[in-house]
Amino acid sequence: AVVSTQSTGARLCVEGALRTYDYCDERAIPYNKCGKLIVATNQEESERLDVLFDKGIQNQVPGLALVDRKEILEIEPYCTGGIRAIHSPNTGIVDWKRVACSYGDDFKAGGGEILTGCEVSKIKDVGKEIRVDCKNKTRVTTKHVITCAGLYSDRVAVQAGGKNSPRIVPFRGEYLELRADKRYLVRGNIYPVPNPKFPFLGVHYTPRMDGAVWLGPNAVLAGAREGYSWSSLSKRDIAEMISFSGLWKLAMPNLSYGVKEMAKSALLPLQLADLQKFIPEVQLSDIVRGTAGVRAQAMSADGTLVDDFQFDDSCPGMLHVRNAPSPAATSSLAIADLVVERAATSFNL
């Protein structure tokens, strides 16, 4: 990935990718180093591509190269819409569910215990210990607590006595999939050049380890923190979003973008038009609706999207990870070291 040279995420992304490959080799977890193209389809995008490439070089992303149209077609023969691109040959794909399960096995092998189905209802400092109570009556008593609660990171931190900001606003990303007989159109990852005018990346082509090719995602405001479909609605979550001034400050200048994303969610031809900028051969009959995910977008009260790591250690004995931005999976092993370092400092260990 190519991210801002000013962020912790930039450093962790490069380090984390290398360590992930090593980890997968050690655990015999298969991966595919299929590479990535960040493709410019017009002159304006081509100019932004140069800026992105310079950042990548400063970030010391290995193997980066600027390629022309001819070289694009050598890498991705059906990507005829591109005029220039950044090629990252070391970008790869892996089954992250398998990696996460392996992390869990490592944790248990080290003496840890994983409790599932335990929704936290209260975190309280009772003097010499901290009590974590769950709705299923489970209680965990400990000396220190580290929380990394994703879509609920703000609520968990606040109920423990942490800061009110940043807040989490859920955005659903909906994917399409290429039909099996059209997967030959894509060899590796094909990404657009990010547009700094808009808060999200835009649709891209992502091959999977099972052979599938995901297309997308879009970005629409979800009706619930776990709103993986339009029918998933939460009165509490909606009320919180409506009353949050930061969301309105983000929404108003990006209103047309938001409306377009909602339209794309309902009308596949609109998403198809974005996909055809890269591979014109893709047709409506070649795509089907796929899965969806929800992004835990941290947002400040002034409407600024928090795009770097943020920690809250205002509660004695606790460290709350308030934001761990994409690509957090790629960076996960490096992020773990960062959290340990922060915890050691916060807890005076």
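Below is a short write-up of the structure. The structure displayed is predicted, hence computed values, not measured ones.

Procedures and definitions
- Residues numbered from 1 in each chain as written.
- Predicted model: local features only at pLDDT ≥ 70, side-chain atom pairs only at ≥ 80, totals over all residues.
- Heavy atoms only, no water.
- Helix = DSSP H or I, 4+ residues; strand = E, 2+ residues; numbered from the N terminus.
- Rg over C-alpha atoms; globule rule 2.2 N^0.38 Å.
- Buried < 20%, exposed > 50% of the residue type's maximum accessible area, 1.4 Å probe, protein only.
- Contact = heavy atoms within 4.5 Å.
- Areas by Shrake-Rupley, 256 points an atom, 1.4 Å probe, with all protein chains shown as cover.
- Lys, Arg positive; Asp, Glu negative; His and termini not counted.
- Charge placed at Lys NZ, Arg CZ, Asp CG, Glu CD.
- Pairing = 2+ DSSP bridges.
- Phe/Tyr/Trp six-rings, centres within 6.5 Å; stacked < 30°, edge-to-face > 60°.
- Lys NZ or Arg CZ within 6 Å of the ring centre and 35° of its normal.
- Patch = residues over 30% accessible without salt bridge, like charges linked within 9 Å, V, L, I, M, F, W, Y side chains within 5 Å.
- Salt bridge = Lys/Arg side-chain N within 4 Å of Asp/Glu carboxyl O.
- Expected span 1.5 Å × (residues − 1).

### What to know about the overall build of the protein
Then, in step 1: Summing up its helical and strand segments, the protein has ten helices and 17 strands in all.
Then, in step 2: Taken over the C-alpha trace, the protein has a radius of gyration of 21 Å; the compact-globule value for 349 residues is 20 Å, and the two agree within 12%.
Then, in step 3: The dimensions of the protein, computed from C-alpha atoms along their principal axes, are 65 × 45 × 35 Å.
Then, in step 4: Within the protein, the proportion of its 349 residues that are buried is 44%.
Then, in step 5: Considering only residue pairs separated by 6 or more positions, the protein has 68% of its internal contacts joining residues 24 or more positions apart.
Then, in step 6: Here the protein has roughly 18000 Å² of accessible surface; of this, 54% comes from carbon and sulfur atoms.
Then, in step 7: Counting 42 positive and 40 negative side-chain charges, the protein places the averaged centre of each group 6 Å from the other.

### Regarding the pairing of strand S4 (residues 84-88)
Then, in step 1: For S4, the tally of buried residues reaches four of five residues, placing the bulk of the element in the interior.
Then, in step 2: Bridge analysis of strand S2 (residues 36-40) against S4 gives five bridges, and the strand direction is antiparallel. Across the sheet, Val-39 pairs through a bridge with Ala-85, a residue of S4.

### Some thoughts on the packing of aromatic side chains
Then, in step 1: The tally for this structure, following the rule as stated, stands at four aromatic pairs.
Then, in step 2: When the centroid spacing of 5.2 Å and the interplanar angle of 65° are considered together, the rings of Tyr-23 and Tyr-103 count as edge-to-face. Remark: Tyr-103 occurs in helix H4 (residues 96-109) and Tyr-23 occurs in helix H1 (residues 8-27); sequence separation between them is 80 residues.
Then, in step 3: Residue Tyr-23 is classed as buried on the basis of its relative accessible area of 7%.
Then, in step 4: According to the relative accessible area criterion, Tyr-103 is partly exposed, its value standing at 24%.
Then, in step 5: Ring centres of Tyr-175 and Trp-214 lie 5.0 Å apart, and the angle between their planes is 50°; on these two criteria the pair is classed as tilted. In this pair, Tyr-175 is assigned in strand S10 (residues 167-178) and Trp-214 in strand S13 (residues 213-216), connecting sequence segments 39 residues apart.
Then, in step 6: Take Trp-214: its relative accessible area is 19%, and that puts it in the buried class.
Then, in step 7: Here Lys-36 stacks its cationic end above the ring of Tyr-191, 4.2 Å away from the centre of that ring.
Then, in step 8: Lying across the ring of Trp-214, Arg-208 places its NZ or CZ 3.7 Å from the centre.

### A short note on unusual backbone geometry
Then, in step 1: Of the consecutive residues Gly-216 and Pro-217, the connecting peptide bond is found in the cis state with omega at 0°.
Then, in step 2: On the secondary structure map, Pro-217 appears in the loop between S13 and strand S14 (220-221).
Then, in step 3: Cis geometry is adopted by the peptide bond preceding Pro-327, which originates at Ser-326 and carries an omega value of 5°.
Then, in step 4: Relative to the elements of secondary structure, Pro-327 occurs in the loop between strand S17 (318-323) and helix H10 (332-346).

### What about a nonpolar patch on the surface?
Then, in step 1: Residues Ile-242, Trp-248, Met-252, Leu-255 and Val-259 make up a contiguous nonpolar surface patch of roughly 530 Å² in combined accessible area.
Then, in step 2: Examined against the element boundaries, Trp-248 turns out to sit in helix H7 (residues 245-251).
Then, in step 3: Looking at Trp-248, the relative accessible area reads 45%, which means it is partly exposed.

### What to know about the pairing of S13
Then, in step 1: In terms of strand pairing, S10 meets S13 through two bridges, oriented antiparallel. Looking at the pairing, Leu-176 lines up with Leu-215 of S13.
Then, in step 2: When strand S12 (residues 204-207) meets S13, the two strands line up antiparallel, connected through four bridges. Directly across from Tyr-205, in S13, lies its bridge partner Leu-215.
Then, in step 3: In textbook terms, the turn of a hairpin is the stretch between consecutive antiparallel strands, and for S12 and S13 this stretch comprises five residues, one of which, Gly-211, has a positive phi near 100°.

### Some remarks on H1
Then, in step 1: For H1, built from 20 residues, the straight-helix expectation of 28 Å at 1.5 Å per residue is met to within 8% by its first-to-last C-alpha distance of 27 Å.
Then, in step 2: Those residues of H1 that fall on the buried side of the exposure criterion are Gly-9, Ala-10, Leu-12, Cys-13, Val-14, Gly-16, Thr-20, Tyr-21, Tyr-23 and Cys-24.
Then, in step 3: Next to the buried residues of H1 lie strand S1 (31-32), strand S5 (93-94), H4 and H10.
Then, in step 4: Backbone geometry just downstream of H1 places Ala-28 in the positive-phi region, at approximately 55°.

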